[in-house]
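Descriptive structure summary
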Amino acid sequence: MPEIPLGVLDLVPISTGSTAADALRNSIDLARRAEQLGYARYWFAEHHLNPGVAGTSPAVVLALTAAATSTIRLGSGAVQLGHRTALNTVEEFGLIDALHPGRLDLGVGRSGGRPPGQPAVEPPAPGNAPNGLVIPPRFSFERLLGSPRIALQRKLLLLPGAESQDYAEQIDDLLALLAGTYRTPDGVEAHVVPGEGAEVEVWILGSSGGTSAEVAGARGLRFAANYHVSPATVLEAVDGYRSFFQPSDVLDKPYVSVSADVVVAEDDATARELATGYGPWVRSIRTAEGAIEFPTPDEARAHPWTEADQELVQDRLDTQFVGSPATVADRLEQLQEATDADELLITTITHDHTDRVRSYELLAAEWRRRGHSFQSS
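Residues numbered from 1 in each chain as written. Predicted model: local features only at pLDDT ≥ 70, side-chain atom pairs only at ≥ 80, totals over all residues. Heavy atoms only, no water.

**Things to note about the overall build of the protein chain**
Check the secondary structure of the protein chain and you find 14 helices and 12 strands. Computed over C-alpha atoms, the radius of gyration of the protein chain comes to 20 Å, within 12% of the 21 Å expected from 2.2 N^0.38 for 377 residues, which places it in the range of a compact globule. C-alpha extents for the protein chain along the principal axes are approximately 65 × 45 × 45 Å. Within the protein chain, residue pairs in contact and separated by at least 24 positions form 76% of the contacts whose partners lie at least 6 positions apart. (Helix = DSSP H or I, 4+ residues; strand = E, 2+ residues; numbered from the N terminus. Rg over C-alpha atoms; globule rule 2.2 N^0.38 Å. Contact = heavy atoms within 4.5 Å.)

**Remarks on the environment of G38**
Turning to its location among the elements, G38 is positioned in the loop between helix 1 (20-37) and strand 2 (41-44). In this structure the C-alpha to C-alpha distance between G38 and E361, which are 323 residues apart in sequence, comes to 10.0 Å. The contacts of G38, once residues within four sequence positions are left out, are R368 and F374.

**So, the pairing of strand 8 (residues 200-206)**
A large share of strand 8 lies buried, amounting to seven of its seven residues. The side-chain alternation of strand 8 yields two buried faces, one formed by V200, V202, I204 and G206 and the other by E201, W203 and L205. In this structure, strand 5 (residues 104-109) lies alongside strand 8, joined through five bridges in parallel fashion. Bridge pairing links G107 to W203 in strand 8. Here strand 8 pairs with strand 9 (residues 222-226) via four bridges, running parallel. Note that in strand 9 the partner of L205 across the bridge is A224. For the crossover that starts at strand 8, traverses helix 7 (residues 211-218) and ends in the parallel strand 9, the hand is right-handed. (Buried < 20%, exposed > 50% of the residue type's maximum accessible area, 1.4 Å probe, protein only. Pairing = 2+ DSSP bridges. Right-handed = clockwise from strand over helix to strand, strands pointing away.)

**A closer look at unusual backbone geometry**
Negative phi characterises most residues that are not glycine, and trans characterises most peptide bonds. The step from G77 to A78 runs through a cis peptide bond, and the omega angle for that step is 15°. Tracing the backbone through its elements, the reader meets A78 in the loop between strand 3 (73-76) and strand 4 (79-80). For the bond from V193 to P194, the omega torsion is -10°, close enough to zero to count as cis. Positive phi values are uncommon outside glycine, yet D340 reaches one of about 55°. Structurally, D340 is set in the loop between helix 13 (325-339) and strand 12 (343-347).

**A look at the packing of helix 7 against helix 8 (residues 234-244)**
With their axes 7 Å apart at the nearest point, helix 7 and helix 8 run at an angle of 35° to one another. Between helix 7 and helix 8 lies a crossing of right-handed hand. Only A237, G240, Y241 and F244 of helix 8 make contact with helix 7, whose side of the interface consists of A213, E214, A216, G217 and A218. Tallied by class, residues from the contact of helix 7 with helix 8 come to six nonpolar, two polar and one charged. (Axes fitted to C-alpha atoms, helices over the stretch in contact; angles between N-to-C directions. Left-handed = near helix turned anticlockwise from the far one by under 90°. Nonpolar A, V, L, I, M, F, W, Y, C, P; charged D, E, K, R; others polar.)

**Structural notes on the side chain of R73**
Within the secondary structure, R73 sits in strand 3. Overall, the relative accessible area of 17% leaves R73 in the buried class. With sequence-adjacent residues up to four places away left out, R73 is seen in contact with A40, R41, Y42, G102, R103, L104, D105 and E201.

**Things to note about the pattern of salt bridges**
Enumeration according to the criterion identifies 24 salt bridges in this entry. For the salt bridge of R283 with D309, the shortest nitrogen-to-oxygen distance reads 2.7 Å. With R283 in helix 10 (residues 278-286) and D309 in helix 12 (residues 307-318), this residue pair connects regions lying 26 residues apart in the sequence. The exposure class assigned to D309 is buried, which follows from its relative accessible area of 8%. Two residues, R370 and D330, come together in a salt bridge whose shortest N-O distance is 2.8 Å. Here the residue R370 occupies a position in the segment after helix 14 (353-369), and D330 occupies one in helix 13, the gap between them amounting to 40 residues. (Salt bridge = Lys/Arg side-chain N within 4 Å of Asp/Glu carboxyl O.)

**Here we look at a nonpolar patch on the surface**
On the surface, L49, L152 and L156 cluster together to form a nonpolar patch covering roughly 280 Å² of accessible area. Mapped onto the elements, L156 comes out in helix 5 (residues 148-157). We classify L156 as exposed; its relative accessible area is 57%. (Patch = residues over 30% accessible without salt bridge, like charges linked within 9 Å, V, L, I, M, F, W, Y side chains within 5 Å. Areas by Shrake-Rupley, 256 points an atom, 1.4 Å probe, with all protein chains shown as cover.)

Such coordinate-based values are descriptive only and should not be taken to indicate function.
Next comes the structure, spelled out in structure tokens:
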């Protein structure tokens, strides 16, 4: 088994009975603890119009967290380029890098942009990977994309009449601005201060083997695949990326991180209790109402529940890794083996902050016991 670093992906979740300010303080505290525990990197997601998620602006939260930590790599997982420009993204990360050089990962995604194209590779059939990793049936996001709430979100994020830039062109602009090589066709230069020359590690996040995988592979960039968001397509995503990969100044071979939803406790039964709120929470996202505040186990059990609700979230429940340190570490090793991931990115949500911190503590101890390194390459 190779030495596989672990990172943290944080949505800045808000629990029932708490506030967005509480969630932000908890996330900064967790980042400090992750640094002490030796996690390789700490990423913040970007979400909008979700009552139970405070992570609306990765750059802002990264700046706050960078000031409270000293060594752990910090990044976005991911900046949604569909409603942004390459310039303001480089400027924001350049500002943070100016005071915290060499610590930033700029993870970017297509969310909020143009509709995705067809997958680059044939998606696997639902079932299990050869090593037993669960590959559930593909979830259709059509209901989400067609919801009035998502349409409103796009309207509020984009200026009137604005259209998202072609993703590949946007990534090329971003890379050129970072490198100081941006030129218009007629030779006009643009130089970003601060931002140009920033020691920022660029990652592309993707859920399929389509455009994001192609853009990352063709440019020789690092790629992060989302088992925790779209478990049905994780193998398609990593295979597509590797099929497109071309060596670059950054990488001479593909480099992949894969995310997983995880809850760890001292024993399996306790972990399952802590994870009770996960089903209703995922349901709220997939019905397009927006992520609810994360409930207590008792609140989750009291939540009205139907067979349709169960079907809506079953793939996520089947692929959440819940249990004792040994139970979860076994499943993470299985995920790594099936995807040949170079790193794993762990996202954990529990109602109580102390349980969330403890989950990461227990996992770190078990991961070290098995001889894994926490250092990324």
